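Observations on the three-dimensional arrangement
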Amino acid sequence: MANTNSSSGNTKIKVFVYGTLMPEECNHQAYCHHQIEPPVLGYVRGRIYHLPNFDYPALAIGEDRVWGYCLTFPPRFSLEHLDSLEDYQPGRSPQENVYDRCWAKVFDPQDQVMTEAWLYRMDPEKIEQYGGIYLPNGRWSSQQKSIA
């Protein structure tokens, strides 16, 4: 699949979310109301961190299971709205972007590849700079009372 901001034809846009864009989290309604299918629980491979100074998470490259939801949007949905929230601009250098939008395999709870989707990942150096706290259980929630 081509890595573009939007798709042409009948290809649905899939985005894997693991933080404030998940159902029941603060940005879900404002940014994800164009979904055309119910959110589907799954995981991607990576490492997830809580960024306490910002109260949202960051995903880095890794082999842990990072749990979240795969969201499906209509074919002509533009990712620019989500890119803006994640401070990602396709033409900008990776050092200038807070997150990088990349393509990843999404697994279902039975460890089968469910689909591929866009996700927003952060460079480990930025996570360290922002005081990221590793979450070994692979899950982030704004409702967490304690981290670790």
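Since we're looking at a predicted model, the values are computed, not measured.

1. Regarding the pairing of strand 3 (residues 56-73)
In this structure, strand 1 (residues 13-17) lies alongside strand 3, joined through five bridges in antiparallel fashion. Note on strand 3: the bridge partner recorded for phenylalanine 16 is cysteine 70. With twelve bridges connecting them, strand 2 (residues 40-51) and strand 3 associate as antiparallel partners. Looking at strand 3, one finds that glycine 46 is bridged to aspartate 64. In this antiparallel pair of consecutive strands, strand 2 and strand 3, the connection spans four residues, and aspartate 55 shows a positive phi of 60°.

2. Observations regarding the nonpolar core
Formed by 38 residues in total, the largest nonpolar core has its most connected members in Val15, Leu79, Leu82, Tyr99 and Met122. Among the elements of the structure, strand 1, helix 1 (28-32), strand 2, strand 3, strand 4 (100-107) and strand 5 (113-121) are those that each provide at least two residues to this core. The dominant element in this core, judged by the number of residues it contributes, is strand 3, at seven residues.

3. Thoughts on the packing of aromatic side chains
What the rule picks out here adds up to eight aromatic pairs. For the ring pair phenylalanine 54 and tyrosine 130, a centre distance of 5.1 Å and an interplane angle of 75° mean the geometry is edge-to-face. On the criterion of sequence distance, the pair formed by phenylalanine 54 in the loop between strand 2 and strand 3 and tyrosine 130 in the loop between helix 3 (124-129) and strand 6 (133-134) is long-range, its members being 76 residues apart. The exposure class assigned to phenylalanine 54 is partly exposed, which follows from its relative accessible area of 38%. With a centroid separation of 6.5 Å and an interplanar angle of 70°, the aromatic rings of tyrosine 88 and tyrosine 120 are classed as edge-to-face. One end of the pair, tyrosine 88, is in the loop between helix 2 (80-85) and strand 4; the other, tyrosine 120, is in strand 5, and 32 residues separate them in sequence. The class for tyrosine 88 is buried, based on a relative accessible area of 11%.

4. Here's the deal with the side chain of arginine 92
With respect to the helices and strands, arginine 92 occurs in the loop between helix 2 and strand 4. Of note is the side chain of arginine 92, whose polar atom sits 2.8 Å from the side chain of aspartate 87.

5. With respect to the pattern of salt bridges
Scanning the model with the defined rule gives four salt bridges in all. For aspartate 83, the salt bridge is made with arginine 101, and the minimal N-O distance between the two is 2.9 Å. One end of the pair, aspartate 83, is in helix 2; the other, arginine 101, is in strand 4, and 18 residues separate them in sequence. Assessed through its relative accessible area of 2%, aspartate 83 is described here as buried. Overall, the relative accessible area of 8% leaves arginine 101 in the buried class. For the salt bridge of aspartate 87 with arginine 92, the shortest nitrogen-to-oxygen distance reads 2.8 Å.

6. Some remarks on the layout of surface pockets
Computed from the structure, the largest pocket encloses a volume of approximately 240 Å³. Among the elements of the structure, strand 1, strand 3 and strand 5 are those that each provide at least two residues to the lining of the largest pocket. When residues in the lining of the largest pocket are grouped by element, the largest group, three residues, is from strand 1. Considered class by class, the residues forming the lining of the largest pocket number twelve nonpolar, three polar and one charged. If you add up the space inside the second largest pocket, you get close to 180 Å³. If you go around the second largest pocket, the residues you meet are Ile61, Pro94, Asn97, Val98, Tyr99, Asp100, Arg121, Met122, Asp123, Pro124 and Lys126.

What counts, and where the lines are drawn
- Residues numbered from 1 in each chain as written.
- Predicted model: local features only at pLDDT ≥ 70, side-chain atom pairs only at ≥ 80, totals over all residues.
- Heavy atoms only, no water.
- Pairing = 2+ DSSP bridges.
- Helix = DSSP H or I, 4+ residues; strand = E, 2+ residues; numbered from the N terminus.
- Core = buried A, V, L, I, M, F, W, Y, C linked by side-chain atoms within 4.5 Å.
- Buried < 20%, exposed > 50% of the residue type's maximum accessible area, 1.4 Å probe, protein only.
- Phe/Tyr/Trp six-rings, centres within 6.5 Å; stacked < 30°, edge-to-face > 60°.
- Polar contact = N/O pair within 3.5 Å; in protein donor to acceptor, adjacent residues only side chain to side chain.
- Salt bridge = Lys/Arg side-chain N within 4 Å of Asp/Glu carboxyl O.
- 1 Å grid on protein atoms, 1.4 Å probe; cavity = no way out; pocket = protein on both sides within 12 Å on 5 of 7 lines; lining within 4 Å.
- Points joined across faces, edges and corners; volume = space filled by probe spheres on them.
- Nonpolar A, V, L, I, M, F, W, Y, C, P; charged D, E, K, R; others polar.

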